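Fold and geometry: a report
Read off the chains here:
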Amino acid sequence: MLTLEVHSSRRIFSDVAGDITIVVDGESFLLHKFPLVSRSGKIRKMVADARDSNLSKLELLNIPGGPQAFELSMKFCYGMNFEITTSNVAQLRCAAEYLEMTEDYRDENLIKRAETYLNEVVIQSLENSIEVLAACETLPPMVEEIGIPSRCVEAIAMNAGKEQLVSRLSRLDCDHNESTELKSGCLEWWIADLSVLRIDFYQRVISAMGRTGVRQDSIIASLMHYAQASLKGINGKCQVWNPAKLKPNPIFAEHEQRSIVETLVSLMPPEKSVSIPLTFLFGMLKMATLLDAAIASRLELERRIAFRLEMVSLDDLLIPSMQSGDSLFDVDTVHRILINFLQRIEEEEDEDCGYESEGIGSPSHGSLLKVGRLMDAYLAEIAPDPYLSLQKFVAIIEILPDYARVIDDGLYRAVDIYLKAHPILTELECKKLCKFIDCGKLSQEACNHAAQNDRLPVTMTVQVLYFEQLRLKNALIGSSGEGLLSQRMSSGVPSAAMSPRDNYASLRRENRELKLEISRMRVRLSELEKEQLFMKQGMMDKTGNGKTFLTSISRGIGRIAIFSGGPNGGKRQKNGRKSRGSEGKNGRSRRNSVS
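- By the naming in an unreviewed UniProt entry, the chain is Voltage dependent potassium channel, taken from Trema orientale.
- Under the Pathway (unreviewed entry) heading, UniProt states for the chain: "Protein modification; protein ubiquitination."

1. Some details on the overall build of the chain
- Tallying secondary structure elements over the chain gives 27 helices and four strands in all.
- In the chain, which comprises 595 residues, the share counted as buried stands at 44%.
- Look at the contacts in the chain between residues 6 or more apart in sequence, and 70% of them connect residues 24 or more apart.
- When the accessible surface of the chain is split by element, carbon and sulfur atoms take 53% of a total near 31300 Å².

2. Re helix H11 (residues 199–212)
- Given a rise of 1.5 Å per residue, 14 residues ought to cover 20 Å, and the 20 Å separating the end C-alpha atoms of H11 matches this to within 8%.
- Within H11 the residues assigned to the buried category are Ile 199, Phe 201, Tyr 202, Val 205, Ile 206, Ala 208 and Met 209.
- Within two residues after H11, Gly 213 carries a phi angle of roughly 90 degrees, on the positive side.

3. Overview of the side chain of Asp 330
- For Asp 330, the location among the structural elements is in the loop between helix H16 (314–317) and helix H17 (331–351).
- Although Asp 330 is buried, it makes no salt bridge; Arg 336 carries the closest opposite charge, 5.3 Å away.

4. Digging into the packing of aromatic side chains
- Under the definition given, this model contains four aromatic pairs.
- Note on Tyr 202 and Tyr 226: the rings are 4.2 Å apart at their centroids and 20 degrees apart in plane angle, and the pair reads as stacked. Residue Tyr 202 is located in helix H11, and its partner Tyr 226 is located in helix H12 (residues 216–230); the two are separated by 24 residues in the primary sequence. Each of the two residues, Tyr 202 as well as Tyr 226, counts as buried.
- Arranged with centres 4.4 Å apart and planes meeting at 15 degrees, the rings of Phe 393 and Tyr 418 form a pair that is stacked. Remark: Tyr 418 occurs in helix H20 (residues 409–421) and Phe 393 occurs in helix H19 (residues 390–399); sequence separation between them is 25 residues.

5. With respect to the confidence of the model for the chain
- On average, residues of the chain score 78 in pLDDT, and 71% of them reach the 70 mark or higher.
- In the model, residues 178–186 has pLDDT below 50 throughout and makes nine contacts with residues more than four positions away in sequence or in other chains.
- A low-confidence stretch, residues 479–499 stays under pLDDT 50, and its non-local contacts, those more than four residues away or across chains, total 32 contacts.

6. Comments concerning the environment of Gly 65
- Tracing the chain through its elements places Gly 65 in the loop between strand E4 (57–60) and helix H3 (66–78).
- Distance from Gly 65 to Thr 138, taken between C-alpha atoms, is 8.1 Å for residues 73 residues apart in sequence.
- Leaving out residues up to four positions away in the same chain, Gly 65 has contacts with Gln 91 and Leu 139.

7. Remarks on the nonpolar core
- One finds Ile 22, Phe 70, Leu 194, Tyr 202, Met 209, Met 284 and Phe 393 to be the most contacted residues of the largest nonpolar core, which totals 141 residues.
- Each residue touching Tyr 202, except ones within four places of it in the same chain, is listed here: Leu 194, Leu 197, Ser 222, Leu 223, Tyr 226, Leu 264 and Leu 267.

8. Looking at the environment of Asp 326
- With respect to the helices and strands, Asp 326 occurs in the loop between H16 and H17.
- With 63 residues separating them along the chain, Asp 326 and Ser 389 place their C-alpha atoms 8.9 Å apart.

9. Focus on the pattern of salt bridges
- Tallied over the full model, the rule gives 20 salt bridges.
- With a shortest N-O distance of 3.2 Å, Glu 100 and Lys 45 are connected by a salt bridge. Of this pair, Glu 100 sits in the loop between helix H4 (89–99) and helix H5 (110–122) while Lys 45 sits in helix H2 (residues 41–49), and the two are 55 residues apart along the sequence.
- In this structure, Arg 258 and Glu 254 form a salt bridge, with 3.8 Å as the shortest nitrogen-oxygen distance. With Arg 258 and Glu 254 both in helix H13 (residues 254–267) and four residues apart, this pair spans about one turn of that helix.
- For Arg 258, a relative accessible area of 25% translates into the label partly exposed.

10. Quick notes on the packing of H4 against H5
- It is the contact of H4 with H5, at a shortest axis distance of 9 Å, that shows an interaxial angle of 150 degrees. Classified by the angle their axes make, H4 and H5 are roughly antiparallel. Between H4 and H5 lies a crossing whose hand is left-handed. Counted together, Val 89, Leu 92, Arg 93, Ala 96 and Glu 97 of H4 and Leu 110, Ile 111, Ala 114, Glu 115, Tyr 117, Leu 118 and Val 122 of H5 form the full contact between these two elements.
- Classifying every residue of the contact of H4 with H5 by side-chain character gives nine nonpolar, no polar and three charged.

11. Regarding the packing of H19 against H20
- Relative orientation of the contacting elements H19 and H20 amounts to 180 degrees, with a least axis distance of 12 Å. Accordingly, the angle class assigned to the pair H19 and H20 is roughly antiparallel. Residues Leu 390, Phe 393 and Ile 397 of H19 form the contact with H20, whose own contacting residues are Leu 411, Ala 414, Val 415 and Tyr 418.

Thresholds applied
- Residues numbered from 1 in each chain as written.
- Predicted model: local features only at pLDDT ≥ 70, side-chain atom pairs only at ≥ 80, totals over all residues.
- Heavy atoms only, no water.
- UniProt positions renumbered as here; feature names shortened; annotations may be inferred.
- Helix = DSSP H or I, 4+ residues; strand = E, 2+ residues; numbered from the N terminus.
- Buried < 20%, exposed > 50% of the residue type's maximum accessible area, 1.4 Å probe, protein only.
- Contact = heavy atoms within 4.5 Å.
- Areas by Shrake-Rupley, 256 points an atom, 1.4 Å probe, with all protein chains shown as cover.
- Expected span 1.5 Å × (residues − 1).
- Lys, Arg positive; Asp, Glu negative; His and termini not counted.
- Salt bridge = Lys/Arg side-chain N within 4 Å of Asp/Glu carboxyl O.
- Phe/Tyr/Trp six-rings, centres within 6.5 Å; stacked < 30°, edge-to-face > 60°.
- pLDDT = per-residue confidence, 0-100.
- Core = buried A, V, L, I, M, F, W, Y, C linked by side-chain atoms within 4.5 Å.
- Axes fitted to C-alpha atoms, helices over the stretch in contact; angles between N-to-C directions.
- Parallel < 35°, antiparallel > 145°, perpendicular 65-115°, else oblique.
- Left-handed = near helix turned anticlockwise from the far one by under 90°.
- Nonpolar A, V, L, I, M, F, W, Y, C, P; charged D, E, K, R; others polar.

Take a look at the structure:
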C-alpha cells in the first residue's frame, strides 16, 4: 500500500476533514468513509474486511477510466452535481460496475443512472452511439461484458437505416436541383464519422449494417472513406502508384494497416449487387501488395477487378513489382487477373448456350475484344523493360484466344518493341515469339513495316510477303474482298477479312446443329430397336409364313435407309469433322475450344 502525504491528496469534499485516502493509479484522493460505503459495495467490503478498524488508506487497481472516472464516481457518492455526457458515460458505467454501485446499496445508484443515459440518450442517436463506441476502445474487457459496444453497434446500424430513408427523400430533392454543393450534401453524413472507429469496431458496425439492409453504395462509400483516413496513399483518384507515397502511415503500425486492408476487403459487398470503383480496387490491391497482406485478400481483389476488366484503364494495370531483381511491373498479378476474366467469359458462354444464340455481338465477345486491345497496349508498355523475361511476356500473349483480336497490329507492335529492347534473343526465341502473330490479320501498313523489319525471323518475313502478294494480285484483277477471302481460305490460312468472332460463332452454330442431329439419331435408334423387337415377335409367331417375315425385313431396311442415307445428316457430320479439324489447326490457344 502506498504511503502519501495528506497535502498531496486531492479533496472531493473539503468542508470536513477526510478519514480515508484512496490511491488510484498513483493518484490519491482524501475522502470520507460514510458516503463511499453507502454507495460502493466494493469499498464497503474492503473496509469491512480490513484487520485495522481504523483503516485510513486503500488502493484500487486497474479501475476502468482511471482517476478521472473514479473522481466522477466519488462526486456522485457525495451528491455533487456533474454532467453525464457521451464522452464519459462508458467510463462511468464501467467504473460503477467495478465499484459495485448497484441498487442493493442505494436507490438510483450510479449503474442505474448510467444505464438510463445510455438507453434514453445514446442508443437513440446515431452520432452519440458512434462517439460512445469510440470511447469504448480505451476501456478494459469489462466494457464488453457490460455490453456497451454491442448495443452501440446495433444502434448505429438501426439509426443508419432510418437515416437512409431520410436520405432518399433528400436525394430526390437533389435530383431536381442542379447545384453540385447540394448534391454532395445529400450523402450520408455518418460515413465520415465512422472513420474514427477502431477497425474491429468498424467491422462490427458494417456487418450489422449489412444485416439491417443499409444500402450497399453507402457501405462502399464508407469503406472508401475509412481506407482514405487510415491508409496513406489510398484515394479516389489513385491511378498511378508511387511506392514512395504509399509507405505505411506512421499513425498506424504496419501490422495494423495490414489488418485494416484485409478487413476492408472482407467487408466489400458482392460485386453483382453494386459496382465498386476500379481505382479503389487497384489502390487496395497495391496497398495489399506493399503490406504483404494475406493471399486470400489479394486474390479476392484480383477476382473483383477481373469481373470488369474490360473497363480497366492501362494506367491501372501498370502495377510496379515489389520483388527486387524482377521485372519493373507486376506481370504475374495481371496474368492472374486475365485468367479470372477468361474464366468469367467461359461461364457466361456456358450459361448462354441456347440453340438460337449465335454469339455474334454478344456482350461477352465485346468484352473479350476490348480486353484484347487492352492487353496489346499493356504488352507494348511493358515490352521495353530489360528485366522482363520472355516467358512472362509470352504468357500474357498466349492466354488470350485468337478470336480476341480482329487485327494483330497491336500485338505486332508490342512484339517489335520487345525484340528491339531484347536484342540478345536467339533465333529460336524470336520464332517462338513471332509465331503468335497472324500475318493474315495485319493491316497493309503493318505488313509494309514488317516486310522491312530486320528484327523479324525470315519465316515471318516470307509470310508477310506472301500476303502482300495476295493483296497486290487481287488489286490488279479488281476482285472484291470476297475473292481475297476465298484465296486465303483455300490456302489454309485464316483470313483477316473475316472476323474471328464470326468464325467462332459459326463453329458454335455447327456444334449445336451436330448436337441436335445426334438427338434425332437417338430417337431413330430407339425406333429401330422397337422394330427389331417387332421382327423377332413376328418370326416367333409366324415362322412358317415366309412372306410375312420378308415384309418385316423390308420394312426394317427401309427405316435404316431413312436413318443413314439422308443428305443433310451426312453433310452435317462431314462439316462437323472438318470444323473440328480446322479448329485444332488454327486455335493455338487452349481457350479456343467450342463447347
